[in-house]
Amino acid sequence: MRLIRAPSNLGLRPLRPGHVPGTWRGPAALTEAGLVEALTPAAIVDLERPAYSAEPEPGTRLRNGHAIRRFNLELADVVAKALGQSEWPLVIGGDCSVLLGALAAARRSGPIALMHVDGHSDFRHPGNYDVNAMLGSAAGMDLALVTGRGEPLLTEWPGIAGPLVPDEAVVQIGERNSRDPDFAWADINATAITRIDVFAARELGAVGVVEKTRAALARVGCPYWLHLDVDVLDQTVMPAVDSPGSPGIDPDDLVATLSPLAMDQRCIGMDMTIYDPDLDPSGELARLLVSLLGRIVRPG
């Protein structure tokens, strides 16, 4: 395993005037909570924190769009190096936009599938919101971006034709808002993305979710990447995220679901995102995440 600490908050909106999202501190806080001791990685790589801005930039309607691209190109090189050396990369963010660099690296070796485990589908794109009314935040758009929806700045990557992942190669697990009558991204219903929302996940149980996910991944027949946004946990368990909510997947069920899928030889890497230490002053939630992650990637 190669542990890659990616301290980005570029894809998040400020929660109030002057606010700077604290997810960039996530890798350091998790390290302080025992991450390295829990995982014993063979190597550790630290990326430099990029500068955050809440202001519009020329040439893009994405907040920090150019910086996100630069950061993810750097991340892609690091992930690609790990994959080239047959090391399993584990990217610790940071916000969800780090998924772009991880997949851009994985795609250099061929087609890739995606397990997208998140309390939100992150499917905002120019087809379902007014780009002139607000700046786009990539952390709420990552699934749309990796499937080719959005500005070329974050959908087109060097040496890669088409989207990073086609719709039919995506399994989205944990969405909690899709049954709401005012669900903002309802057009995801018309895609070939396999979706197991939190309600279905609870009905199926961990074993059922694993079976359905494996069946979907088997149909595309290629390696896959695992993305874990920790807001898939209920806000009563994990409030230290920018968009907490309920219901969520139970921590033990999350481990039971992700561990066999993370340890499958077809899983070539993983990222974990959106933990904000600013919302966890005692560090208790960091210790919880370290424990969960250790159980997912080092079962038993």
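Worth saying up front: this structure is predicted, and the values here are computed from it rather than measured.

Where do I start with the environment of leucine 226 in this structure?
Following the sequence through the fold, leucine 226 ends up in strand E7 (residues 224-229). Not counting the four nearest positions on each side in its chain, leucine 226 is found in contact with Met115, Val117, Leu258, Ala262, Cys267, Gly269, Met270 and Asp271.

Could you clarify how one ought to interpret the packing of helix H3 (residues 65-84) against helix H4 (residues 98-106) in this entry?
To describe two helices that pack against each other, one gives the angle between their axes and the distance between the axes. Between H3 and H4, the shortest axis-to-axis distance is 7 Å and the interhelical angle comes to 45 degrees. Between H3 and H4, the angle is such that the two are oblique. Crossing of H3 against H4: the hand is right-handed. Across the interface between the two elements, Ile68, Phe71, Asn72, Leu75, Ala76, Val79, Ala80 and Leu83 of H3 pack against Val98, Leu100, Gly101, Ala102, Ala104, Ala105 and Ala106 of H4.

Would you take a moment to explain the layout of surface pockets for this structure?
The gaps of empty space that remain are located by a probe, the size of a water molecule, rolled over the atoms. A volume near 460 Å³ is recorded for the largest pocket. Surrounding the largest pocket, 26 residues form its lining, Arg13, Arg124, Gly140, Trp185 and Ser243 being those nearest its centre. Among the residues forming the lining of the largest pocket, the class breakdown is nine nonpolar, seven polar and ten charged.

Would you mind going over empty space enclosed by the protein with me for this structure?
On inspection of all chains with the given rule, the structure shows two cavities of 30 Å³ or more. Roughly 70 Å³ of internal volume is contained in the largest cavity. Along the walls of the largest cavity sit Ala201, Arg202, Gly205, Ala206, Val209, Ile249, Asp250, Asp253 and Thr257, which together make up its complete lining. When residues of the lining of the largest cavity are traced back to their parent elements, those giving at least two are helix H7 (198-220) and helix H8 (251-262). In terms of residues, the lining of the largest cavity owes the most to one element, H7, which gives five residues. Taken together, the residues of the lining of the largest cavity break down into four nonpolar, two polar and three charged.

So what exactly am I meant to see when it comes to the pattern of salt bridges here?
For side chains bearing opposite charge, pairing can occur when the charged atoms are close. Applying the stated rule across the entire model yields nine salt bridges. We note a salt bridge from glutamate 87 to arginine 2, for which the minimum N-O separation is 2.5 Å. With a gap of 85 residues between them, glutamate 87 in the loop between H3 and strand E3 (89-93) and arginine 2 in strand E1 (residues 2-6) connect regions that are remote in the sequence. Take glutamate 87 and arginine 2: they sit in the same class, and that class is buried. Put simply, arginine 108 and aspartate 77 hold a salt bridge, and the shortest N to O gap is 3.0 Å. Of this pair, arginine 108 sits in the loop between H4 and strand E4 (113-117) while aspartate 77 sits in helix H3; the two residues are 31 residues apart in sequence, bridging distant segments of the chain. Here arginine 108 falls in the partly exposed class, since its relative accessible area comes to 46%.

Rules used in this analysis
- Residues numbered from 1 in each chain as written.
- Predicted model: local features only at pLDDT ≥ 70, side-chain atom pairs only at ≥ 80, totals over all residues.
- Heavy atoms only, no water.
- Helix = DSSP H or I, 4+ residues; strand = E, 2+ residues; numbered from the N terminus.
- Contact = heavy atoms within 4.5 Å.
- Axes fitted to C-alpha atoms, helices over the stretch in contact; angles between N-to-C directions.
- Parallel < 35°, antiparallel > 145°, perpendicular 65-115°, else oblique.
- Left-handed = near helix turned anticlockwise from the far one by under 90°.
- 1 Å grid on protein atoms, 1.4 Å probe; cavity = no way out; pocket = protein on both sides within 12 Å on 5 of 7 lines; lining within 4 Å.
- Points joined across faces, edges and corners; volume = space filled by probe spheres on them.
- Nonpolar A, V, L, I, M, F, W, Y, C, P; charged D, E, K, R; others polar.
- Salt bridge = Lys/Arg side-chain N within 4 Å of Asp/Glu carboxyl O.
- Buried < 20%, exposed > 50% of the residue type's maximum accessible area, 1.4 Å probe, protein only.

Function cannot be inferred from these measures alone, as they are strictly geometric.
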